[in-house]
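# Close look at the chain arrangement
The primary structure of each chain is shown beneath.
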Amino acid sequence: MRVGILGPLQVAGARVGGARVRALLVRLALDPGRVVPADRLIGDLWPDEPPAHPAAALQSLVSRARREAPGVIGSHPAGYLLDVPPGEVDAWAFEQLVRDGEAHRALALWRGPALADAADLPFAAGPAVRLEELRLTALATRIAHDLSTAGPALEGLVAELEGLAAAHPLREPFHALLMRALSALGRRGEALAVFERIRAALDDELGADPGPELREAHLEALREPPAAPRGNLPAQVTSFVGRDGDVARLRALLGGGTRLVTLTGAGGAGKTRLALEVAGGVVAPGGVWLVELASADGVRAALESVLRTSDPAAALRGAGALIVLDNCEHVVEEAARVAGRLLAKVADLRILATSREPLDIPGESVHPVPPLPEAQAVELFAARAAAARPGLRVEPERAAWICRELDGIPLAIELAAARLRTMPVSLLVEQLGDRLALRGGRTAEPRHRTLRAVIDWSWNLLSDAERELLRGLTVFSGGATYEAIAHICGGELELLSSLVDKSLVAVSGDRYTMLETIRRYAAADLPELRRAHALHYTELAERAEPHLRTGAQFAWLAVLDAEHGNLEAALRHAEDPLRLILPLLWPWIMRARLREIREQAAAVLARVRDVPPPGRELAHGLCRMLAGEPASEAVRDSDHPAALNFWAMGAVLGTPDDVVALTERGAERLRDHPDPWVRSAALLVAGLVRFEYGAVAGAEDLLEPALEGFRGTGDRWGQWAASYWLSLAAENRGDFAAAVALTETPGVAGSPGLPGLEEVALGPMSYLLRLGQLKCRAGDLAGAAGALARAQETAERSRDPEPLARVLHARAELARRGGDPAEARRLLEAALALDVEASPQFRALLQVELARVAEPGRPLRAALELMAGCSDRTVRATVLEGVAGHLEPAPAAELLGAARALRGIAESADPYVTALAARCREALGAAGFEAAVERGAARPDPEGHALGSLAYR
């Protein structure tokens, strides 16, 4: 939990002091994510006598809280809010868990009295009472569940219930539960005494009679004790881990009128273990009977043997029994016939079956048992590893990786964990490549001794046609649509559906998928299918590529994303990889997968060598560019999207002048191209190159028509890119309001309604960070605080110190502009303490900001020294402007002139720069100021000159 109020206040990663600050956070936590008006907060926090200046006192309190618990409180014009998801507040999570029937997990969140830090304030009284009442209800629910499965632990429950009954002498549920626990232990006299005590108390205190629950418990205590439970369920020797939701659902089904439930799933998924856990908690007066079919000669014979009768229906009729038919798959036809007849003849019989395919008879409720979710898989691995080698601790990240490699299959996880008895974790990781050979213990059934044996069991039940199709499906990576399977493998839908029924293939959305463990088992050398697979996905990529420049862009990106694994596999096996890589380059660029582009291009070049096949010159030239070689003529003359993008790659095209010249010539050459998208893309690339390499003033002249062109074609990625670079140009001019508007315009990564673009170039954290900085400089301090708080949450989750340092830097600027230089200095020092290996540009900006709230000399010198050899003109300009604010008018004006030259603008709209320029002009006179600006613009090394000026300061 991020924030805890079920006990003393807790805020993750923070130590909050001061009673009033803690009360503020408690009050906001009662309405997480919702704005609490300022006047209501004032009334709740100062109920008796408000301070002389309530608004100022509240603002001061909020500032203190933000210092002690950064990133938790958000601002709004009407008030403040706890800016965390409701699920991260323990009280909200508690109520949700209670509603979901998860009493055990709900109660685990309590650490003491609810709202303890606001106990003396009126606003807390009602919620605290409500939460306590809900806690007692959940406590009764938990004890009722424990009572049904307690066994030898009943004595402990009696002791707990006696304490609760004493503490709540009129609360009927606790007394009813105490009576049931005593009756279960055979202490019926004590149970009856409890009833008499609560009956008298209710009459004396309330003038009321016992309610239905107490009366029922009284009747149970008066009845003769039931006979010992009947059945043959084996005692379990290991703990049951995970699948609590499955257990609850299955018990509810069997207790709610469903008479046949079949657990289906792949071999090793844990169907039998789940069935036994469920059956052990089902009330069945006629007994719970396990019928194991794995090695049985027949279903009826096995059932008769377990029940010791030749007429199972007669023996079961009227008894209210539960039959567990385990491992039906190899006798599924007979299992279906026997189950159908028994259910028809015995009205109160219930059957819980396990099988790799459904029994497929009327009334059956099928419950798939998939691999374990990662968290539960890791829990299982940790438990079994600890049993294999006590004291061994496996890092959670390593355990999660092992469980993912094993597809979350419980049997595979248990087999792997058992190996840790004889080998270190690092060696186990190496062994996972041969996972099918992992072996179990001496007492395991032969079909569960290895993963290979588990899948052998299913494989041997398949027809030849099913085996052939299963082998064919192994050419796919990451699943496939039915259309692709039919085209490549030729499998009929009924055949594919049969594999799904037999839990060897799964359906997810519109795709058929296969566990990696099964894929490895069934894999075979299928060169013809490999070629067909590569050709199919090559044609898919070629068909998709033109649509990526239209309004259908997102739909086709989703198709390519879904087929990512198949496209990579096709590229590895294609006889003509250059044909496939060409249509893949543009979507990879859109998704900012630059490392992947280079790795794939290198792999393709290694196969095709130095001379391209006829007709593949463009793809070959682009791959060579990605390897660091100059652009070929085929690339320079191309209007392919990837080629247009690579114009901007100065690292492989030559000097900045070469890059600018190439892009300008290309934009001119494509100015009248018949395709409006090509015209827009050429303008976009030329515009961003102008901005990056110094011709900043003319960048917007190219970017604005590019944006309009992309709007015309419907290309949302193009709109994002043009808007992003226009926002940078506006920021460079100091027009922060315009930069904010462009950043929030539809088409920019992170904006609402644009799924899929949040990972392009600007990830969620970077987008929020940039938006927060721009809003801060535009004067929207509340909006900036909200964006930066969300950015900090994302940065903290990344566990990377550099993003956090960048957020702290931005928050420091916000604090300074908000009139709190002490807080700004604290944040900057926290950022510097992270000691990240960030770029010189960022470290320089950090020093410039520090100089504004601390002794400026050393930070300014450090910032200027970091700019030596820096090619980022806008950062150099920002540093010079920051230094200028600490100098006398003449050297300050020269640095402003140098900054203007670097930005490529005549005058800045930045309020800080314009105010500084006005002071210099007033001191130097108009002519003197302009002369100083011209001198600065002409200096080849303005940073060196600035260092000299600082020496005389």
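The next subject is the overall build of the protein chain. In terms of helices and strands, the protein chain carries 48 helices and 13 strands. The principal-axis extent of the C-alpha atoms belonging to the protein chain is close to 110 × 85 × 50 Å. The burial tally for the protein chain puts 50% of its 953 residues in the buried class. Within the protein chain, contacts between residues at least 6 apart in sequence are counted, and of these 67% link residues at least 24 apart. When the 106 basic and 126 acidic side-chain charges of the protein chain are each reduced to a single mean position, those positions are 3 Å apart.

By the burial criterion, the buried members of helix H38 (residues 736-744) are Phe-736, Ala-739, Val-740, Leu-742 and Thr-743. Buried residues of H38, seen end-on, are gathered within an arc of 165° and therefore sit on one face of the element.

We now examine the packing of helix H8 (residues 172-184) against helix H9 (residues 188-206). Any two packed helices are characterised by the angle at which their axes cross and by the distance between the axes. It is the contact of H8 with H9, at a shortest axis distance of 7 Å, that shows an interaxial angle of 165°. If you check the angle between H8 and H9, you find them roughly antiparallel. Crossing angle aside, the handedness with which H8 passes H9 is left-handed. For the pair H8 and H9, the contacting residues are Glu-172, His-175, Leu-178, Met-179, Leu-182 and Ser-183 in the first and Arg-188, Glu-190, Ala-191, Val-194, Phe-195, Ile-198 and Leu-202 in the second.

Let us look at the nonpolar core. In terms of nonpolar packing, the biggest core is built from 127 residues, with Phe-476, Tyr-537, Ile-581, Leu-622 and Leu-684 touching the most fellow members. Residue contributions to this core peak at eleven residues, all from helix H35 (residues 676-692). Those residues in contact with Leu-622 that sit more than four places away from it in its chain are Leu-582, Leu-585, Val-635, Ala-642, Ala-643 and Phe-646. Residues Val-3, Ile-5, Trp-46 and Tyr-80 belong to the second largest nonpolar core, which totals 70 residues.

Read across the open sheet, the three strands follow the order E3-E5-E4; overall the sheet is antiparallel. Strands at the two margins of the open sheet, each flanked by one partner only, are strand E3 (36-37) and strand E4 (73-76). Pairing geometry for E4 and strand E5 (residues 79-82), over four bridges, is antiparallel. Bridge pairing in E5 links Ile-73 to Leu-82. Sheet strands touched by helix H3 (residues 54-68): E4 and E5. Its angle to E4, the strand with the most contacts, is close to 145°.

Here we take up the pattern of salt bridges. Scanning all chains against the criterion turns up 51 salt bridges. For Arg-733, the salt bridge is made with Asp-735, and the minimal N-O distance between the two is 3.8 Å. When its relative accessible area of 27% is taken as the criterion, Arg-733 is described as partly exposed. Its relative accessible area of 27% is what places Asp-735 among the partly exposed residues. One connected set of salt bridges, linked through shared partners, spans Glu-731, Arg-770, Arg-777, Glu-813 and Arg-817.

This next bit is on unusual backbone geometry. The residue Arg-308 is not glycine, and still its phi comes out positive at about 55°. You can see Arg-308 is positioned in the loop between helix H13 (299-307) and helix H14 (312-316). Non-glycine residue Arg-609 carries a positive phi angle of around 70°. By secondary structure assignment, the location of Arg-609 is in the loop between helix H29 (594-608) and helix H30 (617-626).

Moving on to a positive patch on the surface. Taken together, the side chains of Arg-317, Arg-337, Arg-341 and Lys-345 present a region of like positive charge at the surface. Inspection of the secondary structure puts Lys-345 in helix H15 (residues 332-345).

Another aspect to go through is the environment of Ala-159. Summarising the element assignment, Ala-159 is placed in helix H7 (residues 154-167). Along the primary structure Ala-159 and Trp-401 are separated by 242 residues, whereas in three dimensions their C-alpha atoms are 43 Å apart.

Let us now look at the pairing of E5. Examined bridge by bridge, E3 and E5 share two bridges and lie antiparallel to one another. Across the sheet, Val-36 pairs through a bridge with Tyr-80, a residue of E5. The hairpin turn running from E4 into E5, its antiparallel successor, is two residues long.

Caution is warranted with low-pLDDT regions, since their predicted coordinates should not be read in detail. Overall, the prediction assigns the protein chain a mean pLDDT of 86, with 93% of residues at 70 or greater. The lowest-confidence element of the protein chain is helix H33 (residues 650-653), averaging 42 in pLDDT; the highest-confidence one is helix H25 (residues 527-544), averaging 95. When the criterion is pLDDT under 50, residues 747-762 qualifies, and its contacts beyond four places in sequence or with other chains add up to 47 contacts.

Here we come to the sheet that holds strand E9 (residues 350-355). If you trace the five strands from one edge of the open sheet to the other, you get E7-E8-E9-E6-E10, paired in parallel fashion. Only two strands of the sheet have a single partner each, and these edge strands are strand E7 (288-292) and strand E10 (364-368). Going across the sheet, the axis of each strand differs from the next one's by a mean of 20°, ignoring polarity. Here strand E6 (residues 260-264) pairs with E10 via five bridges, running parallel. Note on E10: the bridge partner recorded for Leu-263 is His-367. Sheet contacts for H13: E7 and strand E8 (322-326); angle to E7, the most-contacted strand, approximately 140°.

Our focus in this paragraph is helix H43 (residues 840-851). Counting along an α-helix, one turn takes 3.6 residues, and residues three or four places apart therefore face a common direction. The first and last C-alpha atoms of H43 sit 17 Å apart over twelve residues, in line with the 16 Å expected at 1.5 Å per residue. Among the residues of H43, Phe-842, Ala-844, Leu-846, Gln-847, Val-848, Glu-849, Leu-850 and Ala-851 are the ones counted as buried. Those residues of H43 hidden inside the fold are in contact with helix H41 (801-817), helix H42 (821-833), helix H44 (857-866) and helix H45 (873-884).

So, about the packing of aromatic side chains. All told, the structure shown has ten aromatic pairs when counted by the stated rule. Where Trp-586 meets Trp-717, the ring centres are 5.2 Å apart and the plane angle is 75°; that geometry is what we call edge-to-face. In this pair, Trp-586 is assigned in helix H28 (residues 577-590) and Trp-717 in helix H37 (residues 716-733), connecting sequence segments 131 residues apart. Each member of the pair Trp-586 and Trp-717 is classed as buried. Three or more aromatic residues joined by ring pairs form one cluster here, namely Trp-586, Trp-677, Phe-691, Phe-710, Trp-717, Trp-720, Tyr-724 and Trp-725. Positioned over the ring face of Phe-842 is Arg-806, at 4.4 Å from the centre of the ring. A cation over a ring is seen here: Arg-852 above Tyr-912, with NZ or CZ 4.8 Å from the ring centre.

Conventions and cut-offs
Residues numbered from 1 in each chain as written. Predicted model: local features only at pLDDT ≥ 70, side-chain atom pairs only at ≥ 80, totals over all residues. Heavy atoms only, no water. Helix = DSSP H or I, 4+ residues; strand = E, 2+ residues; numbered from the N terminus. Buried < 20%, exposed > 50% of the residue type's maximum accessible area, 1.4 Å probe, protein only. Contact = heavy atoms within 4.5 Å. Lys, Arg positive; Asp, Glu negative; His and termini not counted. Charge placed at Lys NZ, Arg CZ, Asp CG, Glu CD. Arc of directions from axis to C-beta. Axes fitted to C-alpha atoms, helices over the stretch in contact; angles between N-to-C directions. Parallel < 35°, antiparallel > 145°, perpendicular 65-115°, else oblique. Left-handed = near helix turned anticlockwise from the far one by under 90°. Core = buried A, V, L, I, M, F, W, Y, C linked by side-chain atoms within 4.5 Å. Pairing = 2+ DSSP bridges. Salt bridge = Lys/Arg side-chain N within 4 Å of Asp/Glu carboxyl O. Patch = residues over 30% accessible without salt bridge, like charges linked within 9 Å, V, L, I, M, F, W, Y side chains within 5 Å. Areas by Shrake-Rupley, 256 points an atom, 1.4 Å probe, with all protein chains shown as cover. pLDDT = per-residue confidence, 0-100. Expected span 1.5 Å × (residues − 1). Phe/Tyr/Trp six-rings, centres within 6.5 Å; stacked < 30°, edge-to-face > 60°. Lys NZ or Arg CZ within 6 Å of the ring centre and 35° of its normal.

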